[in-house]
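Next come the chains, spelled out residue by residue.
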Amino acid sequence: KGVVHRICAGQVILDLSSAVKELVENSLDAGATSIEIALKDYGEEWFQVIDNGCGISPNNFKVLALKHHTSKLADFPDLQSLTTFGFRGEALSSLCALGNLTVETKTKNESVATHLTFDHSGLLVAERKTARQIGTTVTVKKLFSNLPVRSKEFSRNIRKEYGKLVSLLNAYALIAKGVRFVCTNTTGKNVKSVVLKTQGNGSLKDNIITVFGMNTLNCLEPVALCISDSCKVDGFLSKPGQGSGRNLGDRQYFFVNGRPVDMPKVCKLVNELYKGANSRQYPIAILNFTVPPRAYDVNVTPDKRKIFFSEESSLLQALREGFQQIYSPNNA
Ligand code: ADP
Ligand code: MG
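Quick caveat: nothing in here was measured; it's all calculated off a predicted structure. (Residues numbered from 1 in each chain as written. Chains lettered and ligands numbered in written order. Predicted model: local features only at pLDDT ≥ 70, side-chain atom pairs only at ≥ 80, totals over all residues.)

Student: Can you walk me through the pairing of strand 4 (residues 113–118) in this structure?
Tutor: If a strand is regular, its side chains alternate between the two faces of the sheet. Where strand 3 (residues 100–106) lies against strand 4, four bridges are found, and the strand directions are antiparallel. Following the sheet pairing, threonine 105 is matched in strand 4 by threonine 114. The hairpin turn running from strand 3 into strand 4, its antiparallel successor, is six residues long. Between the antiparallel neighbours strand 4 and strand 5 (residues 124–130) lie five residues, among them glycine 122 with a positive phi of about 95°. (Pairing = 2+ DSSP bridges. Helix = DSSP H or I, 4+ residues; strand = E, 2+ residues; numbered from the N terminus.)

If you want it as structure tokens, here you go:
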């Protein structure tokens, strides 16, 4: 059982950034307005997600990290219309299998917080009182220590993993509405540096200035497309010839209803149209799709980053026409 569990866990949690993504999504689902991500040695030693969300109630402690435990799926017909991104109850159980998981939490109904320790199979093995405000802190120590080969790879690639994570956190910081994001990294002899800090109370435009700076904003063109009655796309694209990405995917962020996702086809489309504008560089793209929850499915891939639209081809066609207005006004 142990081995199967570990192999399956490896599909949800592929790397540092997918691990942290699951925790951040849980914090957002819990209604947090402040989320702090703390890393030790770029996440190699441990990482922690600290939120001020609703907390976890004591009757959920024992089952919290068991596979398929979720508080987000009351009944099956809900599956289609669910707007939270996490509902398969796999993140905490996978993290237990892959590292050492502890949780500190308090709801508004408790007078004191609780510290919980789980073993690799997701069983609650220790419980004690602690001091904490309302909210939850999840700590994962030694990710992948349970899988020797993966663990070595993880250490070897830690800077790359960290870079990918910072890019993901930038995505959250860009799209955040009413959520404050802070990321810190502590290295060596307790030298703590702030990697990212946003107040999360501004518009997308304000967030772009915070994350990338005013110069970047000046190279961007606002995008606002109505694809259909219920589907719209807002955001920013590089002005023709003013892209600054050196690699495909550099500073290209896609969101659906405010949550970061991978959209390879949209990414490809943007790059293709931009190239038409005669450049060796890649455009910056920050695009949020507002669509009804029934129009897409995020749970097809285990890491929930890839998204599938039910009317993909008409969406892509509408985007093509819309983006052409920016990149080849004469042909449009
Ligand atoms: P899922 O998010 O799919 O429900 P997870 O394994 O990610 O499954 O989390 C299991 C459960 O633990 C959640 O359904 C939720 O009840 C609780 N939980 C996890 N993280 C938090 C958090 N930061 N705040 C409040 N509850 C949380
Ligand atoms: Mg979750």
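Having seen the model, we can carry on.
Student: Looking at this structure, I do not really get the nonpolar core. What am I missing?
Tutor: The nonpolar side chains of a soluble globular protein tend to be buried with one another. With 74 residues, the main nonpolar core has Val20, Leu95 and Tyr172 as its most contacted residues. Counting residues per element, this core draws most heavily on helix 5 (residues 158–175), at eight residues. Each of two domains, domain 1 (2–198) and domain 2 (213–327), supplies a minimum of three residues to this core. The contacts of leucine 95, once residues within four sequence positions are left out, are Ile13, Ala19, Leu101 and Val140. (Core = buried A, V, L, I, M, F, W, Y, C linked by C-beta atoms within 7 Å. Buried ≥ 20, exposed ≤ 12 C-beta atoms within 10 Å, placed from the backbone. Domains from an automatic or database assignment. Contact = placed C-beta atoms within 7 Å.)

Student: Just to check I follow, could you spell out the sheet that holds strand 12 (residues 259–261) for this structure?
Tutor: Pairing is mixed across the open sheet formed by five strands, whose spatial order is 9-10-13-11-12. At either end of the open sheet lies a strand with only one pairing partner, and these are strand 9 (220–226) and strand 12. The average angle at which neighbouring strand axes cross in this sheet is 20°, direction not considered. Docked against the sheet, helix 5 engages strand 11 (252–256), strand 12 and strand 13 (285–290), running at close to 140° with respect to strand 12. (Axes fitted to C-alpha atoms, helices over the stretch in contact; angles between N-to-C directions.)

Student: How should the sheet that holds strand 4 be read in this particular structure?
Tutor: Read from one edge of the open sheet, eight strands run 5-4-3-6-2-1-7-8, paired in mixed fashion. Since the sheet does not close on itself, it has two edges, and those belong to strand 5 and strand 8 (191–198), each with one partner. The sheet shows a mean angle of 15° between the axes of neighbouring strands, taken without regard to direction.

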